[in-house]
Amino acid sequence: MTAPDPSPEALAPLTPPTRLLMGPGPINADPRVSQVLASPLIGQFDPAMTAFMTQTMELYRTVFRTANDATLVVDGTSRAGIEAAIVSLIAPGDRVLVPVFGRFGGLLAEIASRAGAEVHTIDEEWGRAFDQQRVIDEIDRVHPRLVAIVHGDTATTIAQPLDQIGPACRERGVLLYTDTTASLGGNPFEMDDWCVDAASAGLQKCLAGPSGASPVSLSDRAVAVVRTRSRVEAGIRAPGDRVDGDVIRSNYLDLGQIIDYWGPRRLNHHTEATAMLYAARECARLLVLEGMDHAVARHARHGAAMAVGLQGLGLELFGDQTHRMHNVIGAVIPDDVDGEAVRGMLLSRFGIEIGTSFGPLAGRIWRVGVMGYNAREDTVLTTLAALGAVLARLGTRHRDPAAGVSAAQDWYDAHALAD
């Protein structure tokens, strides 16, 4: 069989359209991150490369607020980090508790199930966070080996408090894993103070980079569990490396081997995604230079302005606002507009992307992101101006197209930063 000739479009140079990505992620990468992606490639064991890896580990300890030695980057999107943590920490038959308050809690439950765990879930209404005592009570009832919980679920815009759940897990000898893909860098996260044993993230949201690398950090307790299950490949195994017993069911996502790749042994595991390593390092470097407290405050400031602006347009905010993530705001889609038509016009006429949601919230809310490089006053006001114009054109109720911008400007003026 002869393959058909590629189309003229496929043979043309790649020319992506210019977009302002104001949805729940991905977002526009910081230009400084994009620039390092074009840096020269070097070998994975070049002394410069291993130095960059060590520096990246140092930087992400500051980002995660941890002293964990095992703080590194998994090559792959944020889901690779999630799966690496779960599949490396649990063995088939282990009991896992997953509190679900949005789409991505369901994802954790599915990954744990595929890893052969005995999965127990509790559910909270989408748009609300769990009362921490309820989770602790369920831990006492289920006696899991691992609690897996999302920190910030972009599907619902809600952030889950963990400061009581973590210590409760530690007291009971239970491991705590949390998915910080959508929250790290834009919301408070204290890995060590909250007694979190494993956390993973992604670059494409508050970290201001492209999707494709997943920072991960493991406590010493978590590393000890991984070591009981990790197995070095036969071709590079040394005397004393374990060869028997239960083994992590993934080779690529075996965190024990990845730790040995990033650590002093420098055991070859895979060819490091060099350009993505550069990007991950730059994302962390920029956050650390800004200061984590300042970065969180920046996301809180511009997220609040966006929320006020959306209300100025007559939109109802979705969910419990006391537990809303700083960086994603949900707005209930009005009855008088077609939500997808609004998103379509924003994209085609203004080059601005916002999101909808999933499952029970599909078609019910828009999700507007204010995160990473896009957590700025100009992007907030630009998005509100465009959305106001589209709502005035497509809606059946009279709306002042400038009301959102005016409300946000008033908020900024009332909360001006000191020089």
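Up top you'll find the structure we're talking about.
Residues numbered from 1 in each chain as written. Predicted model: local features only at pLDDT ≥ 70, side-chain atom pairs only at ≥ 80, totals over all residues. Heavy atoms only, no water.

### Points about the overall build of the protein chain
The cut-off we apply is this: Secondary structure elements are taken from DSSP: a helix is a run of H or I of four residues or more, a strand is a run of E of two residues or more, and numbering for both begins at the N terminus. Just to be clear, the radius of gyration here is over C-alpha atoms, and the globule rule we use is 2.2 Å times residues to the power 0.38. Burial classes: relative accessible area under 20% of the type maximum marks a residue as buried, over 50% as exposed, and values in between as partly exposed (1.4 Å probe, protein chains only). Note on definitions: a residue-residue contact is assigned when non-hydrogen atoms from the two residues lie within 4.5 Å. Surface accessibility in these figures is a Shrake-Rupley result with a 1.4 Å probe; residues are shielded only by whichever protein chains are displayed. Under the convention used here, Asp and Glu are negative, Lys and Arg are positive, and both His and the chain ends fall outside the count. One atom stands in for each charge, and that atom is NZ of Lys, CZ of Arg, CG of Asp or CD of Glu.
Along the protein chain, the regular secondary structure elements total 14 helices and 13 strands. Its C-alpha atoms give the protein chain a radius of gyration of 22 Å, within 12% of the compact-globule value 22 Å for 419 residues. For the C-alpha atoms alone, the extent of the protein chain along its principal axes is close to 75 × 60 × 55 Å. Taken over 419 residues, the protein chain has a buried fraction of 56%. Nonlocal contacts in the protein chain, meaning residues at least 24 apart in sequence, comprise 72% of its contacts between residues at least 6 apart. Accessible surface computed for the protein chain: about 17400 Å², of which carbon and sulfur atoms make up 53%. The protein chain carries 37 positive and 50 negative side-chain charges, and their two centres are separated by 2 Å.

### Some details on helix 7 (residues 165–172)
Our working definition: Directions drawn from the helix axis to the C-beta atoms are what define this arc.
If you check which residues of helix 7 are buried, you get Ile165, Gly166, Ala168 and Cys169. Relative to the axis of helix 7, the buried residues are bounded by an arc of 165 degrees and lie together on one face. Residues of helix 7 that are buried sit in contact with helix 6 (132–142), strand 5 (146–150) and strand 8 (175–179).

### Remarks on the layout of surface pockets
We count it as follows: Here a cavity denotes grid points, spaced 1 Å and computed from the protein atoms alone, that fit a 1.4 Å probe unable to get out, and a pocket denotes an open set having protein on both sides within 12 Å along at least 5 of 7 lines; residues with an atom within 4 Å of a point are the lining. Grid points are joined across faces, edges and corners, and a volume is the space filled by probe spheres set on the points. The residue classification treats Ala, Val, Leu, Ile, Met, Phe, Trp, Tyr, Cys and Pro as nonpolar and Asp, Glu, Lys and Arg as charged. All others, Gly included, are polar.
The calculated volume of the largest pocket comes to roughly 350 Å³. As for the largest pocket, its lining consists of 22 residues, of which Ser78, Phe104, Thr181, Gln204 and Lys205 are closest to the centre. For the lining of the largest pocket, the secondary-structure elements that each account for two or more residues are helix 4 (78–89), helix 5 (103–114) and strand 6 (152–153). Tallied by class, the residues present in the lining of the largest pocket amount to 8 nonpolar, 8 polar and 6 charged. The volume enclosed by the second largest pocket comes to roughly 230 Å³. Taken together, 15 residues make up the lining of the second largest pocket; nearest its centre are Met57, Asp69, Ile259, Gly263 and Pro264. Mapped onto the lining of the second largest pocket, the elements with two or more residues apiece are helix 3 (47–64), strand 2 (70–75), helix 8 (220–229) and helix 9 (255–262).

### A few points about the sheet that holds strand 9 (residues 198–200)
Here is the rule we go by: Pairs of strands are assigned from DSSP output, requiring at least two bridges between the strands. Simply put, an axis is a line fit to the C-alpha atoms, just over the touching stretch for a helix, and the angle between two N-to-C directions goes from 0 to 180 degrees.
Strand order in the open sheet formed by 7 strands is 2-10-9-8-5-3-4, and the pairing between neighbours is mixed. Single-partner strands in this sheet number two, and they are strand 2 and strand 4 (118–123). Ignoring which end each strand starts from, the neighbouring axes of this sheet average 20 degrees apart. By the bridge criterion, 2 bridges tie strand 3 (residues 95–100) to strand 5 in an arrangement that is parallel. Paired with valine 96 across the strands is leucine 146, a residue of strand 5. Relative to strand 10 (residues 213–218), helix 8 is tilted by about 100 degrees, and along the sheet it contacts strand 2, strand 8 and strand 10.

### A few points about the packing of helix 4 against helix 5
Geometrically, a packed helix pair is captured by the angle between its two axes and the distance between the axes. The following threshold applies: Oblique is the label for any angle not under 35 degrees, not over 145, and not in the 65 to 115 range, which are roughly parallel, roughly antiparallel and roughly perpendicular in turn. Handedness of a crossing follows from how the near helix is turned relative to the far one, being left-handed for an anticlockwise turn of less than a right angle and right-handed for a clockwise one.
Packing of helix 4 against helix 5 brings their axes to within 10 Å, and their N-to-C directions diverge by 45 degrees. Relative to helix 5, the element helix 4 lies oblique. Like other packed secondary-structure pairs, helix 4 and helix 5 cross with a definite hand, here right-handed. Residues Arg79, Ile82, Glu83 and Ile86 of helix 4 pack against Arg103, Leu107, Leu108, Ile111 and Ala112 of helix 5.

### Description of the packing of helix 13 (residues 377–394) against helix 14 (residues 403–414)
In the contact formed by helix 13 and helix 14, the axes pass within 8 Å of each other and the chain directions differ by 155 degrees. In this view, helix 13 runs roughly antiparallel relative to helix 14, as classed from their interaxial angle. In this structure, helix 13 contributes Glu377, Val380, Leu381, Leu384 and Ala385 to the contact, and helix 14 contributes Gly404, Val405, Ala408, Gln409 and Tyr412. Partitioning the contact of helix 13 with helix 14 into residue classes produces 7 nonpolar, 2 polar and 1 charged.

### Some details on the packing of aromatic side chains
To keep it simple, the criterion reads: Side-chain rings of Phe, Tyr and Trp (the six-membered ring for Trp) are treated as a pair once their centres are within 6.5 Å; stacked means planes under 30 degrees apart, edge-to-face means over 60, and tilted covers the remaining angles. Look at NZ for Lys and CZ for Arg. If either is within 6 Å of the ring centre and within 35 degrees of the ring normal, a charge sits over the ring.
This model, assessed by the stated rule, comprises 8 aromatic pairs. Here tryptophan 411 and tyrosine 412 contribute two aromatic rings whose centre-to-centre distance is 5.8 Å and whose plane-to-plane angle is 75 degrees, an arrangement assigned as edge-to-face. This pair shows no difference in class: tryptophan 411 is buried, exactly as tyrosine 412 is. A cation sits over an aromatic face here: arginine 103 above phenylalanine 358, 4.4 Å from the ring centre. A cation over an aromatic ring shows up here: arginine 376 above the ring of tyrosine 373, its NZ or CZ 4.5 Å from the ring centre.

### Looking at the environment of valine 308
In this structure, valine 308 sits in helix 11 (residues 292–312). Sequence-wise, valine 308 and glycine 404 are 96 residues apart; in three dimensions their C-alpha atoms are separated by 7.6 Å. Filtering out sequence-adjacent residues up to four positions away, valine 308 remains in contact with Ala407, Ala408 and Trp411.

### A look at the state of the cysteines
The test is simple: Only a pair of cysteine sulfur atoms within 2.5 Å counts as a disulfide in this structure description.
Considering all chains together, one arrives at 0 disulfides under this definition. No disulfide involves cysteine 169; its sulfur sits 9.0 Å from that of cysteine 195, the nearest cysteine. The buried category is assigned to cysteine 169, whose relative accessible area is 0%.

### Some points on the environment of aspartate 179
The residue aspartate 179 is located in strand 8 in this model. The sequence separation of aspartate 179 and alanine 305 amounts to 126 residues, and the corresponding C-alpha distance is 26 Å. Setting aside its immediate chain neighbours within four residues, aspartate 179 contacts Ile82, Leu108, Ile149, Val150, His151, Gly152 and Ser200.

### Structural notes on unusual backbone geometry
Comment: phi is negative for the bulk of residues other than glycine, and the bulk of peptide bonds are trans. Look at the link from glycine 25 to proline 26: it is a cis peptide, with omega at 5 degrees. Relative to the helices and strands, proline 26 resides in the loop between strand 1 (20–21) and helix 2 (31–37). Positive phi is not limited to glycine here, since cysteine 195 has a value of about 60 degrees. With respect to the helices and strands, cysteine 195 occurs in the loop between strand 8 and strand 9. The phi dihedral of arginine 266 falls on the positive side, at around 50 degrees, and the residue is not glycine. Among the structural elements, arginine 266 can be located in the loop between helix 9 and helix 10 (274–290).

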